Amino acid sequence: MIASHLLAYFFTELNHDQAQKIDKYLYHMRLSDETLLEVSQRFEKEMEKGLGAETNPTASVKMLPTFVRSTPDGTEDGDFLALDLGGTNFRVLRVKVSDNGLQKVEMENQIYAIPEELMRGSGVQLFDHIAECLANFLDKLQIKDKKLPLGFTFSFPCHQTKLDESILVTWTKGFKCSSVEGRDVVSMLRKSIKKRGDFDIDIVAVVNDTVGTMMTCGYDDHNCEVGLIVGTGTNACYMEEMRHIDLVEGDEGRMCINMEWGAFGDDGVLNDIRTEFDREIDMGSLNPGKQLFEKMISGMYMGELVRLILVKMAKEGLLFGGRLTPDLLTTGHFETRFVSAIEKEKEGLQKAHEILSKLGLEPSHEDCLATLRICQIVSTRSASLCGATLAAVLRRIKDNKGVERLRSTVGVDGSVYKKHPHFARRLHKTVRKLLPDCEIRFIRSEDGSGKGAAMVTAVAYRLAAQHKARQKILEPLKLSHEQLLEVKEKMRIEMEKGLGKETHAEATVKMLPTYVCSTPDGTEKGDFLALDLGGTNFRVLLVRVRNGMRRGVEMHNKIYSIPVEIMQGTGEELFDHIVHCISDFLEYMGMKGVSLPLGFTFSFPCQQNNLDEGILLKWTKGFKATGCEGEDVVGLLKEAIHRREEFDLDVVAVVNDTVGTMMTCGYEDPYCEVGLIVGTGSNACYMEEMRNVELVEGDEGRMCVNMEWGAFGDSGCLDDIRTEFDLAVDELSLNPGKQRFEKMISGMYLGEIVRNILMDFTKRGLLFRGRISERLKTRGIFETKFLSQIESDCLALLQVRSILQHLGLESTCDDSIIVKEVCTVVARRAAQLCGAGMAAVVDKIRENRGLDFLKITVGVDGTLYKLHPHFSTVMHETVKQLSPKCEVTFLQSEDGSGKGAALITAVACRIREAGQR
């Protein structure tokens with residue numbers, strides 16, 4: 001009993017000793033965690049180089065764009081062909097992808113040989129042969145009459161310029177066909193098919209086998225965004241953000257990058273970890289100095305590395321009693337599959353004995369143990385290096401996404417990964433060690449080069465079909481030059497109706513006289529008060545206007561809130577509250593007892609019969625104070641002042657905020673005779689000739705007309721350009737059928753239009769994978785400020801995604817691009833319609849004055865105009881196109897409702913004083 005224990009102990013010790021001896025000998029092949037981290041970081045730098053336009057030409061890791069822009073989402077559907085050419089055989093496949101809730105893929109394939117003489121013949125002969133085999137396959141399946149889409153896996157170094165265009169750089173793997181290098185292989189195949197004329201196929205995509213691997217796995221796991229091959233050779237691909245890919249135009253979305261990572265180290269960055277054995281392998285290879293990383297990792301070289309180590313140790317008398325055999329000395333005689341066999345748990349040592357004996361050696365137990373240890377060290381190094389570069393790829397994806405924890409999947413193929421007993425486990429372990437904060441799944445790919453090529457094609461087909469469907473839905477929102485001209489003409493007609501005495505009553509664009517008859521001329525001076533009431537807050541301002549050398553405006557203001565009970569109480573309470581606030585302000589400014597002229601910005605629908613008389617037509621914005629509608633608000637204010645008996649004010653003007661906007665800008669620029677507001681709501685005003693303002697007596701001079709243009713279209717004249725989405729927004733609004741123009745252009749409604757379009761897209765399965773979230777069904781959730789944020793150019797799609805996430809919408813990168821496009825279309829239409837309205841106004845002014853050419857300024861205010869990144873530009877362009885005889889300058893207004901009211905008062909006082917003189 002004791003003897004057998006001793007024996008066992010002796011063997012364990014022997015194993016341990018032998019392993020330690022080999023570990024010492026191969027010290028340089030055993031890489032520490034620090035070294036692996038260092039390799040990983042170097043690889044990240046190499047990736048950067050390959051992606052940059054300046055650095056790519058000299059980069060060893062080429063980072064080739066593949067033009068594959070999306071991974072499968074599971075809704076792919078249809079019948080596809082795949083062609084797989086990568087060696088002495090090639091395959092033709094038919095792949096049926098069906099999505100009826102149960103993703104399933106059916107495949108049929110046929111293998112055809114390529115005769116030796118064709119591999120060295122002309123390119124035309126090769127492609128004619130491929131076309132003939134294709135015809136044979138289609139015949140066999142009786143589908144020659146169908147025009148099916150085809151994906152072509154062409155596993156040779158190529159330079160791809162489009163998804164369906166790939167230029168062969170050099171032949172490898174024993175192919176030497178003439179006049180193919182430097183040409184597009186797709187067009188050569190198309191020519192051969194066309195020449196036959198007995199069938200037609202649509203070649204959609206050329207695919208590299210690594211990309212195929214990622215796509216096959218991506219069909220089963222939508223998180224899959226990396227493809228990895230470790231077989232005879234090694235390579236990887238992953239989804240990169242377009243904004244980082246300098247070699248391809250455009251910044252939107254992502255694209256799969258074929259890294260060609262086997263060439264990592266070709267510029268010397270791995271020299272410090274390459275061993276004498278790596279150098280020896282490289283010297284004896286077909287391509288010395290090239291693919292150095294691949295030579296440390298892949299199946300083509302792993303067995304050879306083990307053989308070189310065995311030979312060196314035998315020569316030094318450390319193995320086989322110093323004996324060498326001709327077999328052991330022959331390159332390639334220790335195959336990589338031997339490494340897998342020797343490392344198997346149970347029969348490994350026995351296998352080692354068999355293999356070494358076949359090589360003519362007479363191995364001892366120690367020799368077998370040593371060989372096992374050598375195999376372990378070589379294959380572990382291979383898996384660790386592979387894990388280090390893969391970790392760099394995943395770290396880059398994580399940084400691109402800006403997430404705390406990355407959840408991602410890697411699709412893997414290749415004989416070493418699949419057949420070696422421990423390779424996969426060691427690879428996973430390295431990745432986990434280097435990326436502790438990520439959850440990475442590895443799935444084995446089944447037939448990446450066949451099924452994968454069909455998948456790339458299926459995705460390209462789905463994207464094209466979905467794009468077409470979306471464009472069709474967005475088409476009615478894209479207005480042509482002719483349509484915009486028509487809107488301009490209609491606005492002009494509606495303006496005439498509103499100005500005419502006969503037609504005013506039924507006109508939708510009301511064209512209200514404001515009794516403001518002059519813009520500032522710069523001689524205004526004095527102290528003025530302004531009141532600004534247009535919502536739940538209200539402001540009192542003191543405005544000092546100076547002329548001469550120190551011309552300018554100095555303002556002081558204070559904001560007061562209006563409690564809900566006062567908004568909805570009696571009119572007396574409301575105006576008493578307002579006067580109380582004025583009194584507080586005068587005391588605050590130390591001006592009690594001074595009687596000042598006052599301008600009153602009252603942003604509710606009024607009918608003005610004089611500059612200082614405004615009759616409230618109806619309350620809006622939540623006000624309900626009784627006894628005010630139908631009354632003159634100036635009278636109500638004066639009565640409240642008298643009730644208080646503290647001070648007296650001279651109420652000179654009731655002002656609409658649009659007119660205030662025009663006046664503020666008019667103080668800066670004498671050419672300013674138009675005011676425009678595009679914010680929550682929209683409106684415009686301009687200086688009209690008195691002779692055209694039929695509602696007011698007198699023909700001399702001009703008067704500012706408050707157009708109230710938001711109601712343009714309420715007569716139905718815009719129905720031909722209103723879309724189903726406009727109708728939906730209008731129907732659910734507080735005032736259905738009213739303010740139709742405003743509902744197409746102003747901030748209060750644009751987000752809602754976008755939300756309706758997104759819902760429609762989702763219902764049709766064109767967005768968010770067809771899943772409608774409860775949040776998306778909620779009215780008003782898509783605020784207009786999101787449009788401005790989503791469209792701002794510097795905002796990468798990442799931020800679009802986070803806005804969508806904030807709305808509870810799980811979006812892919814493609815979804816973000818689509819949402820951005822919808823926002824662009826809706827905002828662009830709004831800006832164009834606004835521009836068409838503006839064009840009608842400036843052209844009317846030009847014609848009023850009988851001018852061939854008009855130079856004029858428009859004062860503009862409103863959040864949409866000021867904050868949206870493209871609204872103003874598009875609007876300016878539209879005005880320019882529709883009114884070529886006007887030179888229109890747009891000036892942003894500062895505080896039209898406060899400063900503007902004071903300036904109207906100042907102008908009125910100036911005119912009044914001149915009249916008294």
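Criteria and thresholds
Residues numbered from 1 in each chain as written. Predicted model: local features only at pLDDT ≥ 70, side-chain atom pairs only at ≥ 80, totals over all residues. Heavy atoms only, no water. Buried < 20%, exposed > 50% of the residue type's maximum accessible area, 1.4 Å probe, protein only. Helix = DSSP H or I, 4+ residues; strand = E, 2+ residues; numbered from the N terminus. pLDDT = per-residue confidence, 0-100. Patch = residues over 30% accessible without salt bridge, like charges linked within 9 Å, V, L, I, M, F, W, Y side chains within 5 Å. Areas by Shrake-Rupley, 256 points an atom, 1.4 Å probe, with all protein chains shown as cover. Salt bridge = Lys/Arg side-chain N within 4 Å of Asp/Glu carboxyl O. Lys, Arg positive; Asp, Glu negative; His and termini not counted. Charge placed at Lys NZ, Arg CZ, Asp CG, Glu CD. Core = buried A, V, L, I, M, F, W, Y, C linked by side-chain atoms within 4.5 Å. Contact = heavy atoms within 4.5 Å. Pairing = 2+ DSSP bridges. Axes fitted to C-alpha atoms, helices over the stretch in contact; angles between N-to-C directions.

## Re helix H24 (residues 784–791)
It helps to recall that an α-helix has 3.6 residues per turn; residues three or four apart then point in one direction. Across the 8 residues that make up H24, a large majority, 6, are buried. Of the residues making up H24, those classed as buried are Thr784, Phe786, Leu787, Ser788, Ile790 and Glu791.

## Concerning the confidence of the model for the protein chain
Per-residue pLDDT for the protein chain has a mean of 89; in total, 96% of the residues score no lower than 70. Helix H1 (residues 2–25) is the least confidently modelled element of the protein chain, averaging 62 in pLDDT, while helix H16 (residues 481–499) averages 97, the highest of any element.

## A closer look at a negative patch on the surface
Side chains of Glu572, Glu573, Glu631 and Glu639 sit close together on the surface and give a patch of like negative charge. You can see Glu631 is positioned in the loop between strand S20 (613–616) and helix H19 (633–644). By relative accessible area, which is 38% here, Glu631 ends up partly exposed.

## Observations regarding the nonpolar core
Membership of the largest hydrophobic core comes to 114 residues, with the highest contact counts inside it found for Leu676, Tyr686, Met707 and Phe782. Take this core: its biggest share by element is 18 residues, from helix H26 (residues 813–848). In this structure, Met707 is in contact with Met491, Met495, Val509, Lys510, Met511, Asn683, Ala684, Cys685, Tyr686 and Val841, ignoring residues within four places of it in sequence. One finds Phe80, Met296, Ala341 and Leu385 within the second-largest nonpolar core, a separate group that totals 113 residues.

## Focus: the sheet that holds strand S23 (residues 682–689)
Spatially, the 6 strands line up as an open sheet ordered S14-S24-S23-S22-S25-S26, and their pairing is mixed. Only two strands of the sheet have a single partner each, and these edge strands are strand S14 (512–513) and strand S26 (886–892). The sheet contact formed by S23 and strand S24 (residues 702–706) spans 5 bridges and is antiparallel. By the bridge assignment for S24, Met687 is matched with Cys704.

## Comments concerning the sheet that holds strand S12 (residues 406–413)
Reading across from one edge, S1-S11-S10-S9-S12-S13 is the order of the 6 strands in this open sheet, with mixed pairing throughout. Across the chains shown, the open sheet's two edge strands, defined by having one partner strand only, are strand S1 (64–65) and strand S13 (438–444). Taken together, the 7 bridges between S12 and S13 define a ladder with parallel strand orientation. In the sheet register, Leu406 faces S13, and the bridge partner there is Cys438. Against the sheet, helix H6 (residues 209–220) touches strand S9 (224–230), strand S10 (234–241), strand S11 (254–258), S12 and S13, its axis set at about 130° to S9. Packing of helix H14 (residues 423–434) onto the sheet brings it into contact with S9 and S13, and relative to S13 it is tilted by some 160°.

## A short note on the pattern of salt bridges
Per the counting criterion, the structure on display carries 78 salt bridges. In this structure, Glu46 and Lys49 form a salt bridge, with 3.4 Å as the shortest nitrogen-oxygen distance. On the criterion of helical spacing, the pair formed by Glu46 and Lys49 is a turn pair, its members being 3 residues apart in helix H2 (residues 33–51). A relative accessible area of 3% places Glu46 in the buried class. A salt bridge links Asp726 to Arg829; its shortest N-O distance comes to 2.7 Å.

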